[in-house]
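# Structural characterization, general
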Amino acid sequence: SQKIEQNSEALNIQEGKTATLTCNYTNYSPAYLQWYRQDPGRGPVFLLLIRENEKEKRKERLKVTFDTTLKQSLFHITASQPADSATYLCALDIMEYGNKLVFGAGTILRVKS
Amino acid sequence: GAVVSQHPSWVICKSGTSVKIECRSLDFQATTMFWYRQFPKQSLMLMATSNEGSKATYEQGVEKDKFLINHASLTLSTLTVTSAHPEDSSFYICSAKRTSVATDTQYFGPGTRLTVL
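Bear in mind that the values here come from a model prediction, so they are computed numbers and not experimental data.

It is worth spelling out the nonpolar core at this point. Counting residues in each nonpolar core, the largest one holds 25 residues, and the members touching the most others are Ile 4, Leu 33, Trp 35, Phe 75 and Tyr 88 of chain A. When residues of this core are traced back to their parent elements, those giving at least two are β3 (19–26), β4 (32–38), β5 (45–51), β7 (62–67), β8 (72–77), β9 (86–94) and β11 (107–112) of chain A. The element best represented in this core is β9 of chain A, accounting for five residues. Setting aside residues no more than four positions away along its own chain, Ile 4 of chain A makes contact with Cys 23, Asn 24, Tyr 25, Tyr 28, Cys 90, Leu 92, Val 102, Phe 103 and Gly 104 of chain A. Ala 48, Ile 69, Val 81 and Ala 96 of chain B belong to the second-largest nonpolar core, a separate cluster that totals 24 residues.

Okay, here's the thing in structure tokens:
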């Protein structure tokens, strides 16, 4: 069956450290993978998109890697801040589904000062 | 730029009534709009895709007669939950894209919390 797995346990880290979140998928062949931030009671906010032929993408303190062999994406936040605390969702863009987004359940990140 | 609004932000209704949720792209024209629902601690589930001026395309398992979608203009889509029941209580989120290009960003609204008593 097709699955997207994100760590269901919250990630608690100290301010200033690098947070690393994982997104694993099975039985999908995404053309693109996207990461979103979602705050409680709010809609997701787009962060980064990485294509299947890209290994890494950076944006300010954010870095995303995409390994289509391992079927895994890693999302890094360097120099984390309490304001980074939120739920982070990965989403696969599936061409055979008409480029619809399929979301993971998200991982809660808590950055403590 | 690229702001999507939803109204209302929350609604409580009695079982059997209908509820309409509006989704607007405030500063851009949206070729395509999407409607999702999200249960607590679960992922967003796509309900339907709508293009301006045409009928919405519903995902498998989503009743089109229960969840009526109207994409009347390039800036407005509405979702009407008809004859709502407690199991329809959820967080409904819309999103909009400027174009149908796959890599074009989806901009999400803030969501609408529906509680059916």
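From this point, the narrative continues.
Once that is clear, we can look at the interface of chain B and chain A. Between chain B and chain A, the contact holds 18 residues from the first and 18 residues from the second. Carbon and sulfur atoms make up 59% of the surface buried where chain B meets chain A, a total of about 1,500 Å² over both sides. Ranking the residues of chain B by area buried against chain A places Ala 102, Thr 103 and Phe 108 of chain B at the top, with a combined share of 31%. Counting every contact that joins chain B to chain A gives one salt bridge. For the pair chain B and chain A, the interface holds three residue pairs in polar contact (both at pLDDT 80 or more). The residue inventory of the side of chain B that touches chain A, partitioned by class, reads eight nonpolar, eight polar and two charged.

Residues and elements named next belong to chain B. Buried residues dominate strand β8 (residues 76–81), accounting for six of its six residues. Here β8 shows no split at all, with Leu 76, Thr 78 and Thr 80 on one side and Ser 77, Leu 79 and Val 81 on the other all buried. In the sheet, strand β3 (residues 19–25) pairs with β8 via six bridges, with the strands oriented antiparallel. Considered in β8, the bridge of Glu 22 is made with Thr 78. Bridging between strand β7 (residues 67–73) and β8 involves five bridges; their strand directions are antiparallel. Counted as the bridge partner of Asn 70 is Thr 78 from β8. In textbook terms, the turn of a hairpin is the stretch between consecutive antiparallel strands, and for β7 and β8 this stretch comprises two residues.

Rules behind the numbers
Residues numbered from 1 in each chain as written. Chains lettered and ligands numbered in written order. Predicted model: local features only at pLDDT ≥ 70, side-chain atom pairs only at ≥ 80, totals over all residues. Heavy atoms only, no water. Core = buried A, V, L, I, M, F, W, Y, C linked by side-chain atoms within 4.5 Å. Buried < 20%, exposed > 50% of the residue type's maximum accessible area, 1.4 Å probe, protein only. Helix = DSSP H or I, 4+ residues; strand = E, 2+ residues; numbered from the N terminus. Contact = heavy atoms within 4.5 Å. Buried area = accessible area lost by both parts, 1.4 Å probe. Salt bridge = Lys/Arg side-chain N within 4 Å of Asp/Glu carboxyl O. Polar contact = N/O pair within 3.5 Å; in protein donor to acceptor, adjacent residues only side chain to side chain. Nonpolar A, V, L, I, M, F, W, Y, C, P; charged D, E, K, R; others polar. Pairing = 2+ DSSP bridges.

These figures capture arrangement, not role.
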